[in-house]
Amino acid sequence: MKYVSFKQVVLGATAFIFSLGAYSGGGGGSDEELPLPDTCQSNCGYEMGPTPTLDFLQAGSGPLSVSSTSVPSSVDGFGGGTIYYPNNVFQALAAISIAPGFTNTQSAIQWWGPLLASHGFVVITINTNSRYDQPESRSRQQDSALSYLIQEGARSSSPIWGLIDENRLATMGYSMGGGGALHSASRNRLSASIPLSPWNTGSNDFDLINVPVMIMACENDTTAPVNSHASPFYNTIPDNTDKAFMEISGGSHDCATGDNSNHALLSTYGVSWMKRFLDKDHRYSPFLCGPNHESNSSISEYRDTCDYL
């Protein structure tokens, strides 16, 4: 178990200095605003919680109780939001920022916040500066939100003081927020990403992604049709990158937000992906590699680059 040390607090304060650029210009700073990810791949000391079972993952809530704190809309770099964090934890945790889609507020993806926090992550669900911001802007705002978490983790009066491991960061996002999550991943300063029904048009650098990415797509998505968004995005990511593609049977555009009947499915794969790649916890690999995913009637298509090292 990796406990908070004086060194971590000092490093967090240093990261705050670099993160200040994320609060200028309204949408984030340069590509240098996030620290580089941890390169440890196994036996890193981040594992926490019981040995996972399918019932455990499908429960819709993890073993930890969760608290939350609001982030005001006046914060620079993004439009405020809510931080979810586990109680009575005394080690630095990985951090995840989650962005909503076009015209949405954080309520569209808020279900993911307490779920992931209950499994040992610090999660911020954000509002965007404008509900009409495009994916690249949402990407910068996701990065700014992660920088904000690093700042708060280094502030002694913050409820998440000492809880942020700045070298284990991830993005998630729905629709245009999912496109934003992919743009953030393309800068390769993350440890994991999960785009939900991602939407993006125009140029991108998804072929440069070296971050483990799980795309959750919706079979009957008419807003971001799978064949013109999620599927080509997955195909563009290099095959030597750890990646997975899950298409939810019969799902409409919002099938992966959590505000529906897919809770057990989303929890199983979403938690497993983040635990495997943020906590480097190989106990979750069997839920991602090995089973016949399409034997589950809720999954219409599944692709991956298993086995993940």
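Residues numbered from 1 in each chain as written. Predicted model: local features only at pLDDT ≥ 70, side-chain atom pairs only at ≥ 80, totals over all residues. Heavy atoms only, no water.

Colleague: Explanation requested: the overall build of the protein in the structure shown.
Modeller: What the protein contains, in helices and strands, is seven helices and nine strands. At a minimum sequence separation of 6, the contacts of the protein that also span at least 24 residues come to 70%. For the protein, the computed accessible surface area is about 11600 Å², with 50% contributed by carbon and sulfur atoms. (Helix = DSSP H or I, 4+ residues; strand = E, 2+ residues; numbered from the N terminus. Contact = heavy atoms within 4.5 Å. Areas by Shrake-Rupley, 256 points an atom, 1.4 Å probe, with all protein chains shown as cover.)

Colleague: Please explain the sheet that holds strand β1 (residues 66–71) as it appears in this structure.
Modeller: Hydrogen bonding along the main chain pairs the strands of a sheet, whether they run parallel or antiparallel. Read from one edge of the open sheet, nine strands run β1-β2-β4-β3-β5-β6-β7-β8-β9, paired in mixed fashion. Strand pairing shows two members of the sheet lacking a second neighbour, β1 and β9 (299–304), which therefore form its edges. Strand after strand, the sheet turns through a mean of 15° between neighbouring axes, direction not considered. Of the pairings in the sheet, the one linking β1 to strand β2 (residues 81–86) comprises six bridges and is antiparallel in character. Each residue of the ladder has a partner; that of S70, found in β2, is T82. Together, β1, β2, β3 (93–99), β4 (122–126) and β5 (164–174) form the strand contacts of helix α4 (residues 135–153), whose direction differs from that of β5 by roughly 145°. (Pairing = 2+ DSSP bridges. Axes fitted to C-alpha atoms, helices over the stretch in contact; angles between N-to-C directions.)

Colleague: In this structure, what is going on with α4? I would like to understand it.
Modeller: One turn of the α-helix equals 3.6 residues, which is why residues spaced by three or four share an orientation. Compared with the 27 Å implied by 1.5 Å per residue over 19 residues, the 27 Å span of α4 between its first and last C-alpha is a close match. In terms of burial, α4 is a largely internal element, 17 of the 19 residues being buried. (Expected span 1.5 Å × (residues − 1). Buried < 20%, exposed > 50% of the residue type's maximum accessible area, 1.4 Å probe, protein only.)

Colleague: Please clarify how the packing of aromatic side chains should be interpreted in this entry.
Modeller: Aromatic rings in a pair are described by how distant their centres are and how their planes are angled relative to each other. In the structure shown here, the tally under the stated rule is nine aromatic pairs. Between F206 and F233, the aromatic rings sit 5.4 Å apart at their centres with planes inclined by 85°, giving edge-to-face as the arrangement. Of this pair, F206 sits in the loop between β6 (192–196) and β7 (213–218) while F233 sits in helix α6 (residues 230–236), placing them 27 residues apart in sequence. Under the relative-accessibility criterion, F233 is labelled buried at 6%. The interplanar angle of 70° and the centroid separation of 5.3 Å between the aromatic rings of F277 and Y308 together place this pair among those described as edge-to-face. You can see F277 sitting in helix α7 (residues 263–278) and its partner Y308 sitting in the segment after β9, a full 31 residues away along the chain. With relative accessibility at 7%, the residue Y308 sits in the buried group. The rings of W273, F277 and Y308 are connected pair by pair, giving a single aromatic cluster. A cation over an aromatic ring shows up here: R168 above the ring of Y46, its NZ or CZ 3.7 Å from the ring centre. The ring of F245 has R303 sitting right over it, with the charged end atom 4.2 Å from the ring centre. (Phe/Tyr/Trp six-rings, centres within 6.5 Å; stacked < 30°, edge-to-face > 60°. Lys NZ or Arg CZ within 6 Å of the ring centre and 35° of its normal.)

Colleague: Looking at this structure, how should I read α7?
Modeller: The end-to-end C-alpha distance of α7, which contains 16 residues, comes to 21 Å, matching closely the 22 Å that a straight helix rising 1.5 Å per residue would cover. Across the 16 residues of α7, 14 count as buried, placing the element largely inside the fold. A positive backbone phi angle near 55° is found at K280, which sits one or two residues after α7.

Colleague: Could you clarify how one ought to interpret the side chain of R276 in this entry?
Modeller: Note that R276 resides in helix α7. D242 provides the closest opposite charge to the buried, salt-bridge-free R276, at an N-O distance of 5.5 Å. If we ignore the near neighbours within four places in the chain, the residues touching R276 are Q41, D281, H282, Y284, S285, L288, Y308 and L309. (Lys, Arg positive; Asp, Glu negative; His and termini not counted. Salt bridge = Lys/Arg side-chain N within 4 Å of Asp/Glu carboxyl O.)

Colleague: I'm lost on the state of the cysteines in this one. Help?
Modeller: Enumeration over the complete set of coordinates arrives at three disulfides. Shown here is the disulfide that connects C218 with C255, its sulfur atoms set 2.1 Å apart. Negative torsions about the S-S bond denote left-handed disulfides, and the value of about -95° found for C218 with C255 makes this one left-handed. Of this pair, C218 sits in strand β7 while C255 sits in the loop between β8 (243–248) and α7, placing them 37 residues apart in sequence. Judged on exposure class, the residue C218 and its partner C255 are both buried. (Disulfide = S-S within 2.5 Å.)

Colleague: Explain the pattern of salt bridges to me, please; I cannot follow it from the model alone.
Modeller: Side chains that differ in charge, positive against negative, can pair when their charged atoms come close. Under the criterion given, the structure shown has 10 salt bridges. With a closest N to O distance of 2.7 Å, R187 and D143 form a salt bridge. With a gap of 44 residues between them, R187 in the loop between α5 (176–186) and β6 and D143 in helix α4 connect regions that are remote in the sequence. As far as the burial class goes, R187 and D143 line up, both buried. Each of the salt bridges in this network shares a partner with another, and the network as a whole consists of E136, R140, D143 and R187.

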